[in-house]
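Chain and residue survey
What follows is the residue order along each chain.
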Amino acid sequence: MRLRLYHHPDGARVAYRELGVGPPIALLHSALLSHKEWEPAVEQLANRFRVVLPDLPLHGDSESGPDHPYTLDWFADVLAGFCAEVLGPRPLVGGHDIGGEILLHAVLSGRLTPSRLVLMPNRMHASPEHALLRSSLTLAARAGAVPGLDLLLSYGTPAVFTPARGMRLSARANAAAADLLRHAFADVPGNARLMRSWSRFARTWPRGAQAHLLTGYRELDLPVLLLWADRDPLHRLAAAEQALQALPHGQLRVLESVGFLMAYDDPVGLARELTAFCG
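To keep things clear, this report deals only with the structure shown in the data block. (Residues numbered from 1 in each chain as written. Predicted model: local features only at pLDDT ≥ 70, side-chain atom pairs only at ≥ 80, totals over all residues. Heavy atoms only, no water.)

**Topic: the pairing of strand E3 (residues 24–28)**
- Among the five residues of E3, four are classified as buried, and the element is accordingly described as predominantly covered.
- Considered for its hand, the β-α-β crossover made up of E3, helix H1 (residues 39–46) and strand E4 (residues 50–54) is right-handed.
- Here four bridges tie E3 to strand E5 (residues 92–95), and the two strands are oriented parallel to one another. By the bridge assignment for E5, Leu27 is matched with Gly94. (Buried < 20%, exposed > 50% of the residue type's maximum accessible area, 1.4 Å probe, protein only. Helix = DSSP H or I, 4+ residues; strand = E, 2+ residues; numbered from the N terminus. Right-handed = clockwise from strand over helix to strand, strands pointing away. Pairing = 2+ DSSP bridges.)

**Overview of the environment of Asp230**
- The residue Asp230 is located in the loop between strand E7 (224–229) and helix H10 (237–246) in this model.
- For Asp230, the residues in contact, after removing those within four places along its chain, are Val254, Leu255, Glu256, Ser257 and Val258.
- Engagement of the side chain of Asp230 in a polar contact is seen with the backbone nitrogen of Ser257, the distance being 2.8 Å.
- A polar atom in the side chain of Asp230 sits 3.1 Å from the backbone nitrogen of Val258. (Contact = heavy atoms within 4.5 Å. Polar contact = N/O pair within 3.5 Å; in protein donor to acceptor, adjacent residues only side chain to side chain.)

**Overview of helix H5 (residues 149–160)**
- In this model H5 runs 16 Å from its N-terminal to its C-terminal C-alpha over twelve residues, within 8% of the 16 Å that 1.5 Å per residue would give.
- All of the buried residues in H5 are Asp150, Ser154, Thr157 and Pro158. Buried residues of H5, viewed axially, fall in a sector of 85°; they line one side. Opposite the buried face of H5, by more than 90 degrees, sit the exposed residues Leu152, Tyr155 and Ala159.
- The inward-facing, buried residues of H5 contact helix H8 (192–204). (Expected span 1.5 Å × (residues − 1). Arc of directions from axis to C-beta.)

Written out as structure tokens, the structure is:
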């Protein structure tokens, strides 16, 4: 895949890869990973689409400097600018986990007007699963603002997010999931600057249930696909089923025997559902 860069007006840099020809579709990855989350499904999608895979800021090869705010509004602004320049008007877009949260906010706030929207497992309006663990990780990340602790955390983080944890994110124990985690954290040790940026992100990102979205769903006047995984322990199917009731033009599809890493558990099924919905 070809590596390209988008430069946002505020100086933020977004690295992205692309492959294929046809209607452009952008897929946004989950928290702490990178564009590599989608790699197992790229070749099949590239037969029909121009597949565009950005690394979100704070991830992969994209912007990670501590001078940006890293709020949900800021991410939505950067994403909207990226889509306008790279994809053109009314793009096809999809997002997983944090990528889905950013997309949903960008659309509901009027920053982005896609022709079709794909939301893969994310917390939606519901309280996040494993709230205590998430709170502990958030507190640890916030400590990265303390001089000295930032460097210490940079060495400790890969010990928490190990390749073995990547295997547990795959319902089918795909060995390649271990390499995905290994790649995602390869450049973290010694990167105190990145820890300070993650600290800022952890202080500003919305926590808890986002009940206002239940009203917001009704304002989405476009086709929306909720593409879920039946064995994802982080994002339960119940939230998608509740959202479906409020979406004017929504549909729900569920991949079976699939965990958090959808493209690693069922790349054929993922590509099939995206192609069927997006054209």
